[in-house]
Amino acid sequence: MTEVIFAILTIALLLYVILGGADFGGGILELFTRGKASEVVSRAIAPVWEANHVWLILVIVILFVGFPPVYSTVLTTLHIPILLALIGIIFRGSAFTFRHYDIQEETPNKIYSSMFRYSSLFTTLFLGVSVGGIILGEISTDYSKGFYEIYIHPWFNLFSFSIGIFLIILFAFLANIYTLVEIKDEKEVDRFARLAKYMIAALVVAGGVVFAAAEINGHHLFLEFLQSPVSIVFVVLATLALPILWKNLKRNRQNLLRLVAGFQTTMIVGGWFAIQFPILVNLKDAPDITLQNSKAPEQVQFYMLIALVVGVLIILPYIGYLYKVFKFSTVSEPPQNANKDSGEM
Amino acid sequence: MDEFMAARWQMGVSLGFHIIFACIGMVMPWFMFVSEWKWVKTNNPVYLDLAKAWAKGVAIFFAVGAVSGTVLSFELGMLWPTFMEHAGPIFGLPFSWEGTAFFVEAIALGLWLYGWGRLSKKVHLYTGLVVGIAGVMSGVFVISANAWMNAPAGFDWVNGQAENIDPVAAMFNRAWFHQTHHMTIAAFSATGFAVAGVHALLYMKTKYDIHARAIKIALAFAAVAAILQPLSGDHAAKMVAKLQPAKLAAFESHFETTTRAPLVIGGIPDVEERKLNHAIKIPGALSFLAQGDFNAEVQGLEEFPRDEWPPVMFTHFSFQLMVAIGMFLALLGVIFLIGTFKYKHWLTKKWWLILLVIATPLGYLAVEAGWMVTEVGRQPWIIYGIMKTRDSLTPMPGIQYTFYVIAAIYLMLTFIVIWLFSRQIKMLHLKYRSND
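Owing to the predicted nature of the structure, the values given are computational and were not obtained by experimental measurement.

Draft legend 1. Here's a closer look at the overall build of chain A. Across its full length, chain A carries 15 helices and 2 strands. Radius of gyration (C-alpha) of chain A: 20 Å, near the 20 Å computed for a compact globule of 345 residues. Dimensions of chain A along its principal axes, counting C-alpha atoms only, are 60 × 40 × 40 Å. Counting all 345 residues of chain A, 60% fall into the buried class.

Encoded structure:
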């Protein structure tokens with residue numbers, strides 16, 4: 001039963017990375033392209049972003065109900081980077097909505113846009129830094145130690161920031177791929193296809209940096225990776241998908257691209273989980289927090305599982321419908337409403 | 001300000017900010033649904049305009065509500081990790097269901113807001129209803145979890161650890177029913193009067209028909225809710241008398257245990273002297289309201305150790321404010337119903353519109369006061385009778401600074417949202433002026 005709950009947690013996290021990540025990436029992409037992508041990004045994200053970000057809440061709820069020590073330890077020791085990410089989330093969500101709904105005037109619009117772009121980058125960085133802190137194993141629960149040791153050191157290091165940067169590139173890449181589908185202008189498609197290639201290259205480099213940074217910070221990630229066959233398979237599959245992606249960028253095969261990009265992200269997250277499993281949080285001076293030693297009592301898990309399964313059965317078809325209405329229909333028919341709506345009132 | 005007070009203030013500011021947006025997100029979809037339904041039925045385009053104008057406001061409020069809610073789900077652990085580590089598995093079940101309800105709400109709202117012309121008229125209309133129902137359910141689940149903090153159930157507390165956890169018993173604790181009906185009704189009443197008040201002001205200025213129709217829809221909900229609210233409150237007070245007698249005593253600054261306890265109106269408590277000055281007292285009424293018998297005994301604060309008293313002054317004033325506003329809004333509700341069924345001319349009179357304008361912020365003020373009553377009235381406990389708030393504080397120093405940052409951000413957002421709101425209204429009026 002614990003494994004099933006953990007599987008749902010993994011899926012929720014994965015969907016947050018793929019769907020929510022693309023939203024963050026939208027802001028980052030706008031920043032990289034100096035606003036070129038902004039109209040496309042807005043149109044692509046607007047109907048789905050609220051739903052995309054509920055996955056994060058689901059992850060949090062599963063953690064504090066099902067694995068309470070994970071929740072309390074992480075939020076205590078990584079308080080600072082998580083607070084920074086939360087501040088980013090507030091600014092990002094607000095700025096995006098304000099830009100979409102306020103009267104279209106130049107000055108406020110510029111402010112909303114730069115708020116949205118920079119906070120997308122900022123939030124992603126600190127989400128990544130927090131994840132880095134969880135993986136690295138410098139978290140200590142001996143709260144008698146100094147402030148720096150407990151609340152800064154676990155995340156203020158090369159490795160955590162390398163994960164943050166990796167995440168920024170990954171999210172921008174995802175947004176880039178999804179955005180390709182929404183663009184109608186041939187020239188622009190070429191531009192974004194070229195950009196995607198740069199990002200793939202950057203992603204490979206950033207991946208290498210993550211492993212190098214881990215070694216520098218004394219965490220033998222590469223060794224752990226070599227010892228985990230599942231993880232190796234995942235990374236090999238992710239790498240094999242690269243040429244497919246690369247080739248099809250020319251051919252403008254958008255739905256396939258989406259699928260492959262989603263698959264790659266799944267493999268990356270899967271690879272990470274395979275290395276970690278069954279450890280959830282690496283600790284410095286105490287036994288690591290694992291699936292087994294942090295799980296809530298049987299009865300609690302049972303009722304949560306019912307809620308989750310019923311929830312998933314309701315949510316997945318409904319979210320599929322949402323995507324069907326807004327995402328896949330735009331390929332064949334241009335949205336007549338988007339322009340009409342904004343001009344109307 | 002010490003760490004502990006800073007953490008409580010941060011939690012209070014975050015919740016106080018979120019609750020307004022949550023209420024709007026929960027109630028406005030119902031108004032939008034009725035307006036769209038009237039449009040489908042009457043084909044009068046003014047209802048379509050109204051639904052769309054409301055929708056733009058709701059999109060902004062909902063987004064801010066969603067991000068502030070996300071922040072809260074983290075803040076609980078960032079400020080009160082010990083509480084969450086013990087309570088999470090026990091009171092987590094309603095949160096698990098809330099996840100689904102909120103998800104459905106977010107998806108349906110996305111469909112509703114952007115689905116004009118993409119969904120069929122009928123599907124679009126009922127999507128609005130889905131938003132409304134999911135929103136209310138989401139609220140009910142969250143309040144059930146809060147109710148558990150007031151009436152902990154579904155576990156045995158053995159040597160500082162919870163054993164034999166029964167999540168279902170925890171979810172349906174003895175406070176869940178009165179807290180959920182009281183809060184849900186409050187949300188409808190507060191949002192209804194706020195919407196009616198804004199439109200009343202605009203109607204006085206412009207005389208546009210759209211505002212008159214908006215007032216009617218909002219008040220239909222608000223009036224019924226405001227009239228039901230005293231009944232709901234009566235039930236809630238009776239339950240508090242049973243479950244948390246110290247809290248009830250603080251509401252009324254009732255220091256000594258007495259029979260034939262008086263109901264006090266207003267007054268300034270003197271906690272040192274254990275006296276309430278300048279209050280109007282109705283003999284026996286508190287006994288009757290709390291126990292259903294004018295001669296019943298009502299426990300005073302003296303029954304409880306001094307360090308287990310809630311902050312009396314704060315709880316007392318919040319409670320009095322909430323009740324006073326509740327009564328005033330109920331009166332407005334009665335006037336509206338009489339006006340609707342008997343004296344139609346009342347509802348176009350200037351005095352009525354002015355009353356509505358005055359009532360605009362009052363409902364939310366009562367919601368905030370009521371929330372203080374619940375939360376501050378539970379102190380010093382975070383889990384009533386089980387765990388003290390102070391004992392669950394995060395070990396991280398410097399919470400003052402995180403509090404200042406969060407408070408500044410929310411203050412700024414409040415101003416921005418108000419400014420955006422006034423711009424939306426201007427836009428609507430521009431359209432109507434050009435139609436004239």
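This is not the end of the story, as more comes after the structure.
Draft legend 2. Seen up close, the packing of helix H6 (residues 176–206) of chain B against helix H11 (residues 350–359) of chain B. Residues and elements named next belong to chain B. As a packed pair, H6 and H11 sit with axes 7 Å apart at the nearest point and diverge in direction by 130 degrees. In terms of orientation, H6 and H11 fall into the oblique class. For H6 against H11, the interelement crossing comes out left-handed. On the side of H6, the interface is formed by Phe193, Gly197, Ala200, Leu201, Tyr203 and Met204, while H11 contributes Lys350, Leu353, Ile354, Leu356, Val357 and Ala359. Its residues assigned to classes, the contact of H6 with H11 shows 10 nonpolar, 1 polar and 1 charged.

Draft legend 3. Inspection of unusual backbone geometry at higher detail. The linkage connecting Phe277 of chain A with the following residue, Pro278 of chain A, adopts the cis geometry, with an omega of 0 degrees. Inspection of the secondary structure assignment puts Pro278 of chain A in the loop between helix H12 (254–276) and strand E1 (279–281). Residues Gln379 of chain B and Pro380 of chain B are joined by a peptide bond in cis, for which omega reads 5 degrees. With respect to the element layout, Pro380 of chain B can be found in the loop between helix H12 (362–376) and strand E9 (381–383). Located in the positive-phi region is Asn164 of chain B, a residue other than glycine, with phi close to 50 degrees. Its location among the elements puts Asn164 of chain B in the loop between strand E2 (161–163) and helix H5 (167–171). Accessibility expressed as a relative area gives 59% for Asn164 of chain B, which makes it exposed.

Draft legend 4. Main features of the interface of chain A and chain B. On the side of chain B, 72 residues touch chain A, which itself brings 67 residues to the contact. At the junction of chain A and chain B, the tally comes to 2 salt bridges. A salt bridge links Arg423 of chain B to Asp102 of chain A; its shortest N-O distance comes to 2.9 Å. Counting every contact that joins chain A to chain B gives 11 residue pairs in polar contact (both at pLDDT 80 or more). Listing elements by their share of the side of chain A that touches chain B, those giving two or more residues are helix H3 (49–66), helix H4 (68–77), helix H5 (79–101), helix H6 (106–136), helix H7 (147–152), helix H14 (298–332) and helix H15 (337–344) of chain A. Looking at the side of chain A that touches chain B, the element that brings in the most residues is H14 of chain A, giving 18 residues. The class makeup of the residues in the side of chain A that touches chain B is 50 nonpolar, 12 polar and 5 charged.

Draft legend 5. Structural detail: helix H4 (residues 121–150) of chain B. Between its terminal C-alpha atoms H4 of chain B stretches 45 Å, which fits the 44 Å expected from 30 residues at 1.5 Å a residue. Counting buried positions along H4 of chain B gives 21 out of 30 residues, so the element sits mostly inside the fold.

Draft legend 6. Structural view of the nonpolar core. Residues and elements named next belong to chain B. Counting 247 residues, the largest nonpolar core has Phe83 and Trp148 as the members making the most contacts within it. The contact partners of Phe83, leaving out residues within four places of it in the chain, are Gly88, Phe91, Trp148, Met149, Ile382, Ile383, Met387 and Ser392. The next biggest cluster of nonpolar side chains, apart from the first, holds 14 residues, and it includes Ala241, Ala261, Leu286 and Val298.

Draft legend 7. Inspection of the environment of Val74 of chain A at higher detail. Residues and elements named next belong to chain A. With respect to the element layout, Val74 can be found in helix H4. You can call Val74 buried: its relative accessible area is 9%. On a C-alpha basis, the gap between Val74 and Thr239 in space is 32 Å, while along the polypeptide they are 165 residues apart. Once you skip the residues sitting within four places of it in the chain, Val74 turns out to touch His79, Ile82, Ile134 and Val281.

Draft legend 8. Examining the pattern of salt bridges more closely. Residues and elements named next belong to chain A. As enumerated under the stated definition, the model contains 11 salt bridges over all chains in all. Linking Glu30 and Arg99 is a salt bridge whose minimum nitrogen-to-oxygen distance equals 2.9 Å. Residue Glu30 is located in helix H1 (residues 2–32), and its partner Arg99 is located in helix H5; the two are separated by 69 residues in the primary sequence. Both residues of the pair, Glu30 and Arg99, belong to the buried class. Each of Glu30, Arg99 and Arg117 takes part in salt bridges that share partners, so that together they form one network.

Definitions and limits used
- Residues numbered from 1 in each chain as written.
- Chains lettered and ligands numbered in written order.
- Predicted model: local features only at pLDDT ≥ 70, side-chain atom pairs only at ≥ 80, totals over all residues.
- Heavy atoms only, no water.
- Helix = DSSP H or I, 4+ residues; strand = E, 2+ residues; numbered from the N terminus.
- Rg over C-alpha atoms; globule rule 2.2 N^0.38 Å.
- Buried < 20%, exposed > 50% of the residue type's maximum accessible area, 1.4 Å probe, protein only.
- Axes fitted to C-alpha atoms, helices over the stretch in contact; angles between N-to-C directions.
- Parallel < 35°, antiparallel > 145°, perpendicular 65-115°, else oblique.
- Left-handed = near helix turned anticlockwise from the far one by under 90°.
- Contact = heavy atoms within 4.5 Å.
- Nonpolar A, V, L, I, M, F, W, Y, C, P; charged D, E, K, R; others polar.
- Salt bridge = Lys/Arg side-chain N within 4 Å of Asp/Glu carboxyl O.
- Polar contact = N/O pair within 3.5 Å; in protein donor to acceptor, adjacent residues only side chain to side chain.
- Expected span 1.5 Å × (residues − 1).
- Core = buried A, V, L, I, M, F, W, Y, C linked by side-chain atoms within 4.5 Å.

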